[in-house]
Amino acid sequence: MKMPRGLSALAMPIFSVVILLIIWQAYVWYMGLSPFILPGPLRIAKSADSFGYLALLGNAWTTIYEILIGFAVGNFLATIIAYAIVQSPLAERLIYPFLVLSQTVPKLAVAPLLVIWFGTGITPKIIIIILMCFFPTAINVVQGLRSTDPNAADLVRLVTASPRAQFIKVQFPSAIPYFFAGLKISVTSAVIGAIVGEWVGAESGLGYLILYGGQTMRTDLMFVAIAATVALGLCLYGAVALAEKLLSWKSAEIEARAS
Amino acid sequence: MTTKVDRLQRLTELPTGAQAVSFKDVGLTYAAGSGSQVEALRNVDFSVADRRFVSILGPSGCGKSTLLRLLAGFLKPTKGSITVAGSDPESARNDGLLGVVFQTPVLLPWKNVLENVAFLLELQRVPKHEREARAKHFVDLVGLTGFERHMPYQLSGGMQQRASIARALAFQPTVLLMDEPFGALDALTRDRMAFDLLDIWKRDQKTVLFVTHSVQEAVLLSDEVIVMSARPGTISTVRPVEIGRPRTKSQRHEREFVEYCREILEDLDAYPD
């Protein structure tokens, strides 16, 4: 069977997901499970329909909004921090402990504190998302900015002594694949951050919906929200991967590290 | 500040056989921590006439590469003086008179072959169409015609090093420094590259300082071989190679060639490291 390359690459994962859904549905029917314990995919689809796609979309939008702001701010900060670390050893010694600290602090434990300080609005969620998603980008960009061949620096010095030229012509482009590698991890972390943030206190959002489903014993609604979260995560990851394809060059080294 | 053109004119006005490079009693000592000092080079004194091909040969750690770094003005001598094309190394470098080929190709992975060859011109802000036309000429010269749009990872090691040589030549330096440029290549490729370099040099004759570990390579390529010894790095002998050009593969088996190699090997052995 001959298919265009992109299509066959997509066909395989879709095929395996469909198989999984069929097995899941068959298991639920065969065991005669109550939808309260484990709803089948058909039941989940029906629940989504009865809950209303517009309401679902409204909740999803809250989460998307939080993620977009947190992700943008987090990665902007990450890039600046990475640049400072690479430029100055003093900045590195001052900032690095906080970088590691920010990762060892359990986000789920900090979330209630943030709610006490900032209320149940959007602010605590954005802060958690920033905390979750800036670290992978910062670490990768630091590595990327340091990945330049010292001989390439000498090469530039043959023409100009300007550190600006060094940065623009060699250091910055070298770091781009690392930046995107960090961004891919960062975007999935941002989704987790949003859900965690909403669990502690929210009036809408996919995380709120999962919690609400649990509190009202509506397992099917929980699954609807979880499915929507997964879909959202996939879309965001896909967007970053697409941006990478359009804007980055391929680094053999990073490809090897990722696989 | 004199421009590159001024300097080039001054250089061409010099009588033939003028010195492109000269080291006068150069020494380099650097601190190696805990108060101890390492003497990397001592009493280095030699000169290279314009448009000559000179190899620098010696054991590891004898300061061959350090010598090139001094010449490029990346390092400063602690004693003596260095002149490149009539000025000090740093201003020669700033005037774009120095080209460097490293042991590794140092191609930028996000640029294709043509862009890489034109990279130094890009840094000089030469307009795109002009720099690409110049780069194309040197891509052809090193035998990479047809590979202009290839990315570095699509090329073999030998082809990458050709691109790096083309980049150095497209910069049109007066003095070309080559730091073991074939050191990372396999033996067969290395052999072919040496002959190709002879061919390129014949068509675009520059003053070349060529650092190598290989006696055969040095004799094959050079007008003159400088033999160094280690600890501290210093010049032990300077041997002119008076074999006619163009040099060919078969010459390497002739008595004259073999004799040069033997003498240089003896020079190297006389100063064991």
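Quick caveat, the model's predicted, so the values are computed rather than measured. (Residues numbered from 1 in each chain as written. Chains lettered and ligands numbered in written order. Predicted model: local features only at pLDDT ≥ 70, side-chain atom pairs only at ≥ 80, totals over all residues.)

**Re the overall build of chain B**
When helices and strands are tallied, chain B shows 10 helices and 9 strands. Against the globule reference of 19 Å for 273 residues, chain B gives a C-alpha radius of gyration of 19 Å, in line with a compact fold. Taking the principal axes of the C-alpha coordinates as reference, chain B spans close to 50 × 50 × 45 Å. Residue pairs in contact within chain B that sit at least 24 positions apart in sequence constitute 71% of those at least 6 positions apart. (Helix = DSSP H or I, 4+ residues; strand = E, 2+ residues; numbered from the N terminus. Rg over C-alpha atoms; globule rule 2.2 N^0.38 Å. Contact = placed C-beta atoms within 7 Å.)

**What to know about the overall build of chain A**
Across its full length, chain A holds 11 helices and 0 strands. Of the regular secondary structure in chain A, the N- to C-terminal order runs α-α-α-α-α-α-α-α-α-α-α. Counting all 259 residues of chain A, 32% fall into the buried class. Long-range contacts, defined as pairs at least 24 residues apart, comprise 76% of the intrachain contacts of chain A with a sequence gap of at least 6. (Buried ≥ 20, exposed ≤ 12 C-beta atoms within 10 Å, placed from the backbone.)

**Quick look at the confidence of the model for chain A**
Put simply, chain A has an average pLDDT of 89, and 94% of its residues get 70 or more. Put simply, helix α11 (residues 252–258) of chain A is where chain A has its lowest mean pLDDT, 55, and helix α3 (residues 53–87) of chain A is where it has its highest, 94. (pLDDT = per-residue confidence, 0-100.)

**What to know about the packing of helix α9 (residues 206–215) of chain A against helix α10 (residues 219–247) of chain A**
All names here are of chain A. Following both chains from N to C, one finds α9 and α10 inclined at 160 degrees, their axes separated by 7 Å at the closest point. Considering the angle they form, α9 stands roughly antiparallel to α10. For the pair α9 and α10, the crossing hand works out as left-handed. Of the residues in α10, those touching α9 at Leu206, Leu209, Ile210, Gly213 and Gly214 are Thr219, Leu221, Met222, Ala225, Ile226, Ala228, Thr229 and Leu232. (Axes fitted to C-alpha atoms, helices over the stretch in contact; angles between N-to-C directions. Parallel < 35°, antiparallel > 145°, perpendicular 65-115°, else oblique. Left-handed = near helix turned anticlockwise from the far one by under 90°.)

**Thoughts on the sheet that holds strand β3 (residues 53–57) of chain B**
Residues and elements named next belong to chain B. Spatially, the 6 strands line up as an open sheet ordered β5-β6-β7-β3-β8-β9, and their pairing is mixed. Sheet topology places β5 (98–101) and β9 (234–240) at the edges, where each strand pairs with a single neighbour. Strand after strand, the sheet turns through a mean of 20 degrees between neighbouring axes, direction not considered. Pairing analysis gives 5 bridges linking β3 to strand β7 (residues 207–212), with the strands arranged parallel. Directly across from phenylalanine 53, in β7, lies its bridge partner valine 208. (Pairing = 2+ DSSP bridges.)

**Points about the pairing of β5(B)**
All names here are of chain B. Residues Leu98 and Val100 line one face of β5 and the alternating positions Gly99 and Val101 line the opposite face, and both faces are buried. Note that β5 and strand β6 (residues 175–179) share 4 bridges and pair parallel. Within the sheet, the bridge partner assigned to valine 101 lies in β6 and is methionine 178.

**Describing α10(A)**
Residue pairs spaced three or four apart in an α-helix point in one direction, given the helix's 3.6 residues per turn. The terminal C-alpha atoms of α10(A), which comprises 29 residues, lie 42 Å apart, in line with the 42 Å expected from a rise of 1.5 Å per residue. The elements touched by buried residues of α10(A) are α2 (41–51), α3, α8 (163–200) and α9 of chain A. (Expected span 1.5 Å × (residues − 1).)

**Comments concerning the environment of A:Gly238**
Within the element layout of this structure, A:Gly238 appears in helix α10. Distance in space between the C-alpha atoms of A:Gly238 and A:Val187 is 9.9 Å, their sequence separation being 51 residues.

**Focus: the pairing of β9(B)**
Residues and elements named next belong to chain B. The sheet contact formed by strand β8 (residues 224–229) and β9 spans 6 bridges and is antiparallel. Residue pairing for β9: isoleucine 226 is matched across the bridge by valine 238. In textbook terms, the turn of a hairpin is the stretch between consecutive antiparallel strands, and for β8 and β9 this stretch comprises 4 residues, one of which, arginine 231, has a positive phi near 50 degrees.

**Considerations on the interface of chain A and chain B**
Taken together, the contacts link 15 residues of chain A with 15 residues of chain B. Among the secondary structure elements, those contributing two or more residues to the side of chain A that touches chain B are α7 (150–157) and α8 of chain A. At 5 residues, α7(A) tops the list of elements feeding residues into the side of chain A that touches chain B.

**Here we look at the nonpolar core**
Counting 83 residues, the largest nonpolar core has B:Leu71, B:Val117, B:Ala166, B:Val175, B:Leu177 and B:Leu209 as its most contacted members. In terms of residues, this core owes the most to one element, helix α7 (residues 157–170) of chain B, which gives 6 residues. Discounting chain neighbours no more than four positions away, the residues touching B:Leu209 are B:Val21, B:Val48, B:Val54, B:Ile56, B:Leu68, B:Leu71, B:Val175, B:Leu177 and B:Met178. The next biggest cluster of nonpolar side chains, apart from the first, holds 48 residues, and it includes A:Ile67, A:Phe179, A:Ile195 and A:Val196. (Core = buried A, V, L, I, M, F, W, Y, C linked by C-beta atoms within 7 Å.)

**Some details on the confidence of the model for chain B**
Close reading of the predicted structure is inappropriate where its pLDDT is low. Of the residues in chain B, 92% reach a pLDDT of 70 or more, and the chain-wide mean stands at 86. Of all helices and strands in chain B, the one with the weakest mean pLDDT is helix α1 (residues 4–13) of chain B (51), whereas helix α4 (residues 113–117) of chain B scores best (95).

**Structural notes on the sheet that holds strand β4 (residues 79–84) of chain B**
Residues and elements named next belong to chain B. Judged by pairing direction, the sheet is antiparallel, and its 3 strands sit side by side in the order β2-β1-β4 without closing on themselves. Two strands bound the open sheet, and with one partner strand each, they are β2 (37–49) and β4. The sheet shows a mean angle of 20 degrees between the axes of neighbouring strands, taken without regard to direction. Examined bridge by bridge, strand β1 (residues 19–31) and β4 share 5 bridges and lie antiparallel to one another. Residue pairing in the sheet places glycine 27 in a bridge with lysine 79 of β4.

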